[in-house]
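# Fold and contact review
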Amino acid sequence: MTLTQLCVRLFKCPMLKLNCFAEAPRSAPDEDVESWSDVSTVELDLSSNRLDLNMEDIPVPTENTFDVTLPATHSYLGQNLEELRGRTILDDGIYMNLPLFIKQSVLFPGQTLPMTVFGAQTIDMLRTCIQNDRTFGVVCYGYPEMERIGTTAEIYEYTDGGIWLDHGRGEFRLKAKGRQRFKILRVITQDNNKISANVKVLPEITLEPPFLDQRLASLDRLRISIDTEEDMKKQERVENMDAALTPWPAWVYRQYDPVRLSFRIRQHLQFLETRGGSVPKDPIDLSFWVAQNILMDHNERLMLLSYDCAISRLQREIKYLVEDKIYVCVNCESFIGRQSHMFPMNKEGPQGTYVNPGGIIHETITFYHIQGVILSPSTPSIEYSWFPGYAWTVANCKSCRHHVGWKFTAVESNLRPKEFWGLTRRSLKNKDLKVKKKK
Ligand SMILES: [Zn+2]
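Residues numbered from 1 in each chain as written. Predicted model: local features only at pLDDT ≥ 70, side-chain atom pairs only at ≥ 80, totals over all residues.

## With respect to the sheet that holds strand β10 (residues 335–338)
Threshold: Following DSSP output, two strands are said to pair if at least two bridges run between them. Strands here are runs of E lasting at least two residues and helices are runs of H or I lasting at least four, both read from the DSSP assignment and numbered beginning at the N terminus. The angle between two axes is taken between their N-to-C directions and runs from 0 to 180 degrees, where each axis is a line fitted to C-alpha atoms and a helix contributes only its stretch in contact.
The strand order β10-β9-β17 describes an open sheet built from three strands, whose pairing is antiparallel. Each edge of the sheet is formed by a strand with only one pairing partner; in this case those strands are β10 and β17 (428–432). With direction set aside, neighbouring strand axes in the sheet form an average angle of 35 degrees.

This is the structure:
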């Protein structure tokens, strides 16, 4: 096996050891793929970004016996992690110094970040974090320099395997939670893996409902919380009367109503809730949840992180949910999956963030159906599986052999679904779905 082949295998396989801190770059595998099994089922025509396929009759798995709380525990990191109690809340607008971790994709508030790190300097940084407020900053790589907006991450469990002095390396595993957004004002040190910065913690601006101040108090008894489309219509009639006091018609104000925006977004995400998923109701939580779980371009996600208000984020996100999207291979744009085929196998949503033993972080979106991929001939493995009870098999794009994710297969006969797919976010990009029905 060549060195390139070895590197590719280490990047894709959760179970294999790789002593590196940074996330691995994309690389197309050059393995012998003659014996890989083909799971493509339709012919596609992407020459004009149109698809000639019929995917409407793919059955949705109705039975789910898997405990979706398990993946969120990240039990593959081991059972010996020490729990840290308490919560660090930084004041809005505060200036402070933060140690930084640079990763390939955006961390949003509320998102879980599991990590395994090996560099002595980084381990030293994390130890200092735990002694202080358990908080470090996460920012993305950027060009020509790192992005200026990031999110604080608070460590809530960790295990310190020590540093092997003869190699200057060690092993440190942790689970952290995205908390608050910040802006980098000045990078203070930049010594290999050890970077810190002077930052400003960004405020989360909350606007009151648009008709709170200029409303007809006599109509208060008619105001209701919006849980159904019928509630929405009743509320609109009340708002129309409220708007008589204002210079603008009611529909103008509705565009800035966080409750209405959240309701609309949750309507589009109902397909996830019917499949056992849990979608937040709070507008702020929902705005970050959508940014994390729905596949968007990297720059779009950075833009969402830069907004100070949930209303702006929700307004931008709703356009991603109005129409079904398709996911294509980031390398060759071959069709791989479809947004409506997402399937939550983690209580936190259809996208979970997981780390392999090599320290490589994969944001993995789960689907009950994909196509256009080939499977590794290797025997499915349960080692270091992110979904306890399921064995994983590496899946590559059929057209270009780019690694796209894994097929997970139940190893216990009573486990449902029997199989599903986990696709890594960095291997995909989205396109609008324009289906040309076959005649
Ligand atoms: Zn491809």
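Now that the structure has been shown, the text picks up again.
## What about unusual backbone geometry?
Short version of the rule: Think of it as a crowd count around each C-beta: if 20 or more other C-beta atoms lie within 10 Å the residue is buried, if 12 or fewer it is exposed, and in between it is partly exposed, with C-beta placed from the backbone throughout.
A cis amide bond, omega 0 degrees, links R416 with the succeeding residue P417. When you line up the elements, P417 lands in the loop between β15 (403–410) and β16 (419–424). Positive phi outside glycine occurs at R134, with the angle close to 65 degrees. Following the sequence through the fold, R134 ends up in the loop between α2 (120–131) and β5 (135–140). Judged by C-beta crowding, with 20 C-beta atoms within 10 Å, R134 ranks as buried. Phi at R401 takes a positive value of approximately 70 degrees, unusual for a residue other than glycine. Tracing the backbone shows R401 in the loop between β14 (390–397) and β15.

## Brief notes about helix α5 (residues 258–268)
For the α-helix, the turn length of 3.6 residues means that residues three or four positions removed from each other point alike. Quick reminder of the rule: Our contact criterion uses C-beta atoms placed from the backbone: two residues qualify when those atoms are within 7 Å.
The set of residues buried in α5 consists of P258, R260, L261, S262, F263 and I265. Where α5 is buried, its residues contact α3 (229–242), α4 (250–254), α7 (283–293) and α9 (310–322).

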